[in-house]
Amino acid sequence: MAEVATKQNNSDSFEQKLWKTADKLRKNIDAAEYKHTVLGLIFLKYISDAFQELHNKLIAGEGDYEGGNPEDRDEYSAENVFFVPVEARWGYLQAQAKQPDIGKTVDLAMGAIEQENSKRLKGILPKVYGQQKLDQKSLGGLIDLIGSITLGNAEAQSQDVLGRVYEYFLGQFALAEGKKGGQFYTPESIVKVLVEMLEPYNGRVFDPCCGSGGMFVQSEKFVKNHQGRLDDISIYGQESNETTYKLCRMNLAIRGIDGSNIKWNPEGSFLNDAHKDLKADFVIANPPFNDSDWGGDLLRNDGRWLDKDLVPPVGNANFAWASHFIYHLAPTGSAGFVLSNGSLSSNTSGEGDIRKALVLKDFVDCIVMLPTQLFYNTGIPACLWFLSRYKNGNKNRDRHGEVLFIDASELGYMVNRALHN
């Protein structure tokens with residue numbers, strides 16, 4: 001019988017046990033590639049579980065489901081459930097798990113699901129399972145492992161089993177990948193602080209360097225936890241790494257979040273802004289720290305900068321990001337984002353002038369100093385910036401002319417010798 005995830009009696013959580021077993025099956029595959037193998041299967045198991053639960057109700061034909069056709073796609077779309085064709089259902093795949101060509105079978109299943117749900121999933125799912133370097137016996141073992149848990153039925157959804165597994169795996173892959181992992185994952189503790197302080201109850205939420213979509217997931221959780229309406233917020237994003245973009249779209253799809261306004265292009269947000277006309281109510285982001293390769297030499301006269309004399313330096317994108325965020329804020333919008341601590345004191349190439357202008361223009365609402373060792377990919381100390389075009393954002397009192405400084409550098413606890421939380 002498949003188990004719904006709960007904490008185990010011993011020291012390892014359900015998620016930790018699952019990770020350890022899945023990682024053993026990785027063998028000689030790089031974590032960056034294996035990530036898509038595992039997360040793609042977890043996605044497939046989730047939508048297959050949800051499909052199967054509704055399929056069983058339609059077969060039983062009781063109550064609201066009387067007279068329903070279990071193979072009618074419209075029955076599933078009416079309840080926001082992905083339709084899964086026979087050749088992609090988990091039971092079928094697991095029955096084939098020991099076959100030497102199981103990878104090809106999974107690739108065909110992914111293609112079939114995309115075809116049946118093209119509006120939401122076209123071009124998003126990984127089709128990497130038939131590769132020669134992926135040991136087919138290990139792949140079969142991984143299918144059996146993931147098949148041992150229930151991810152998508154009503155009980156599992158109520159416990160957010162999938163969310164817990166997905167986020168834990170994203171974090172572990174970021175840890176395994178080191179520096180590169182930070183391109184797609186921001187530690188949950190940091191995202192929670194940004195979201196809880198910004199309070200995105202309603203409006204347009206924008207992340208122009210959205211990675212795997214953690215900012216959007218936490219925003220939706222925040223609204224839900226405070227009894228708000230999830231359809232009161234809409235999300236917009238951009239990502240320059242195509243595989244990370246696909247991770248983001250899957251991360252949103254498994255939670256029923258509309259990802260149609262998440263865009264990908266290889267040039268990135270500076271050189272090819274996919275949301276040129278967007279004025280967002282909230283910007284939440286973790287841009288790359290101290291990025292020197294952002295194309296600044298091509299954007300000396302760009303309209304997003306605070307002033308023609310306040311152009312961000314070519315060698316560091318920190319204040320290019322800050323200016324980009326402000327440009328995209330609505331008249332009452334607020335932004336919360338992560339930058340390196342150097343952004344608070346650097347005077348290189350006019351950065352001090354831009355920082356001074358942000359203060360004098362009364363955009364800076366709050367600065368939070370973070371503990372060290374929060375990130376999987378860098379030891380660079382970081383801080384949170386909160387900017388606002390309307391410093392009465394909480395509607396409770398006027399904060400014009402004020403900047404709040406919060407020293408959280410001694411807060412949190414050590415997860416292990418390398419990582420803080």
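The rules behind the values
Positions within a chain are numbered from 1, following the residues in the order the chain's sequence is written. Since the coordinates come from a predicted model, pLDDT governs what is reported: local features require at least 70, and pairs of side-chain atoms require 80 or more to be given and counted, while whole-chain, interface and lining totals use all residues. No hydrogens and no water enter the side-chain calculation; it runs on all heavy atoms of the structure. Only DSSP runs of H or I covering at least 4 residues are called helices, and only runs of E covering at least 2 are called strands; the numbering of each starts at the N terminus. Every radius of gyration here is taken over C-alpha atoms, with the globule rule written as 2.2 Å times N^0.38, N being the number of residues. Residue contacts are defined here by distance: any two heavy atoms, one from each residue, within 4.5 Å place the two residues in contact. Each accessible area value is a Shrake-Rupley result obtained with a 1.4 Å probe; residue values ignore everything except the protein chains displayed when judging cover. Using a 1.4 Å probe on the protein chains alone, a residue whose accessible area is under 20% of its type maximum counts as buried, one over 50% counts as exposed, and one in between counts as partly exposed. Here, a strand pair is defined by DSSP locating no fewer than two bridges between the strands. Here, expected helix span is obtained from the residue count minus one, scaled by 1.5 Å. Of the two site types, the cavity is a set of points on a 1 Å grid over the protein atoms alone where a 1.4 Å probe fits but cannot get out, and the pocket is an open set with protein on both sides within 12 Å along at least five of seven lines, each lined by residues with an atom within 4 Å of a point. Grid points are joined across faces, edges and corners, and a volume is the space filled by probe spheres set on the points. We call Asp, Glu, Lys and Arg charged. Ala, Val, Leu, Ile, Met, Phe, Trp, Tyr, Cys and Pro are nonpolar, and the rest, Gly among them, are polar. Put simply, two rings from Phe, Tyr or Trp (the six-membered ring, in Trp's case) pair if the centres are within 6.5 Å, and we call them stacked under 30 degrees between planes, edge-to-face over 60, tilted for the rest. Helix axes are fitted to C-alpha atoms over the stretch in contact, other axes to C-alpha atoms as well, and angles between N-to-C directions run from 0 to 180 degrees. Residues enter patches when they are more than 30% accessible in relative terms and free of salt bridges; like-charged ones are connected within 9 Å and nonpolar ones (Val, Leu, Ile, Met, Phe, Trp, Tyr) within 5 Å. Criterion for a salt bridge: a side-chain nitrogen of Lys or Arg within 4 Å of a carboxyl oxygen of Asp or Glu. Angles are sorted into four bins: roughly parallel if under 35 degrees, roughly antiparallel if over 145, roughly perpendicular if 65 to 115, and oblique for all others. By convention, the crossing between two helices is left-handed when the near helix turns anticlockwise from the far helix through less than a right angle, and right-handed when the turn is clockwise. By the criterion applied in these results, polar contacts are pairs of N or O atoms within 3.5 Å in which, for protein atoms, one can donate a hydrogen and the other can accept it, and in which residues neighboring in sequence qualify only through two side-chain atoms.

A. Here's a closer look at the overall build of the protein. Counting secondary structure elements, the protein contains 14 helices and 10 strands. Over its C-alpha atoms the protein spans a radius of gyration of 23 Å, differing by no more than 12% from the 22 Å that the globule rule assigns to 421 residues. Taking all contacts inside the protein whose residues are at least 6 apart in sequence as the whole, residues at least 24 apart take part in 73%. Within the structure as shown, the protein displays about 19600 Å² of accessible surface, and the carbon and sulfur contribution to it stands at 48%.

B. Representation of helix α14 (residues 351-360) in the model. Listed in full, the buried residues belonging to α14 are E351, G352, I354, R355, A357 and L358. Those residues of α14 that are buried lie in contact with α13 (318-327), β6 (364-369) and β7 (382-388). Among the residues trailing α14, D362 stands out with phi positive, at a value near 65°.

C. Examining the pairing of β6 more closely. β6 sits mainly inside the fold: 5 of its 6 residues count as buried. Pairing between β6 and β7: 5 bridges, direction antiparallel. The partner of C366 across the bridge, within β7, is F386. The sheet contact formed by β6 and strand β8 (residues 404-407) spans 4 bridges and is parallel. Residue pairing across strands places I367 opposite F405, the latter belonging to β8.

D. Seen up close, helix α5 (residues 102-116). For α5, spanning 15 residues, the distance from its first C-alpha to its last is 21 Å, which sits close to the expected 21 Å at 1.5 Å a residue. Of all the positions in α5, only I102, G103, T105, V106, D107, A109, M110, A112, I113 and E114 are classed as buried. In the core, the buried residues of α5 are packed alongside α2 (31-60), α4 (90-95), α6 (118-121) and α7 (136-147).

E. Just the layout of surface pockets, in detail. Here the second largest pocket defines a volume of roughly 920 Å³. Lining the second largest pocket are 36 residues, and of these Y46, Q157, I254, R255 and G256 lie nearest its centre. Breaking the lining of the second largest pocket down by element, the ones donating at least two residues are α2, α8 (154-158), α9 (161-177), α11 (214-225) and β2 (233-239). Sort the elements by how many residues they give to the lining of the second largest pocket and α2 lands first, with 6 residues. Here the lining of the second largest pocket is composed, by residue class, of 18 nonpolar, 7 polar and 11 charged.

F. Seen up close, the packing of aromatic side chains. Tallied over the full model, the rule gives 12 aromatic pairs. Between the aromatic rings of Y76 and F83, the centroid separation amounts to 5.4 Å while the plane-to-plane angle is 70°, which identifies the pairing as edge-to-face. With respect to burial, Y76 and F83 carry one shared label: buried. Ring geometry for F270 against W321: centres 4.3 Å apart, planes inclined by 50°, an arrangement best described as tilted. In this pair, F270 is assigned in the loop between β3 (262-264) and β4 (280-285) and W321 in helix α13, connecting sequence segments 51 residues apart.

G. Representation of the sheet that holds strand β5 (residues 329-340) in the model. Taken in spatial order, the 8 strands line up as β3-β2-β1-β4-β5-β7-β6-β8 in an open sheet, and their pairing is mixed. Of all the strands in the sheet, the pair left with one neighbour each is β3 and β8. Geometrically, the sheet is characterised by an average inter-axis angle of 15° between neighbouring strands, direction not taken into account. As defined by bridge partners, strand β1 (residues 203-207) adjoins β4 across 2 bridges and the pair is classed as parallel. Within β4, the position partnered with F206 by the bridge is V283. Running over the sheet, helix α12 (residues 242-253) touches β2 and β3 and is turned about 165° from β3.

H. Quick peek at a nonpolar patch on the surface. Judged by side-chain polarity, V193, M197, L404 and I406 come together as a nonpolar surface patch covering roughly 290 Å² of accessible area. Taken together, the elements giving at least two residues each to the nonpolar patch come down to α10 (188-198) and β8.

I. Structural detail: the packing of α2 against α7. One way to put it is that α2 packs onto α7 with a least axis distance of 10 Å and a crossing angle of 40°. Classified by the angle their axes make, α2 and α7 are oblique. Read as a crossing pair, α2 and α7 show a hand that is right-handed. Across the interface between the two elements, Y34, T37, V38, L41, I42 and K45 of α2 pack against L139, L142, I143, I146 and G147 of α7. Here the contact of α2 with α7 is built from residues that sort into 8 nonpolar, 2 polar and 1 charged.

J. Region of the structure containing the side chain of S323. Considering the arrangement of structural elements, one finds S323 in helix α13. A polar atom in the side chain of S323 sits 2.8 Å from the backbone oxygen of F319. Ignoring sequence-local partners within four residues, the contact set of S323 consists of R304, W305, L306 and P312.

K. Layout of unusual backbone geometry. In this structure, N290 is a non-glycine residue whose phi angle is positive, near 50°. Of note, N290 is situated in the loop between β4 and α13. Notably, D362 is not glycine yet its phi reads approximately 65°, a positive angle. With respect to the helices and strands, the residue D362 is situated in the loop between α14 and β6.

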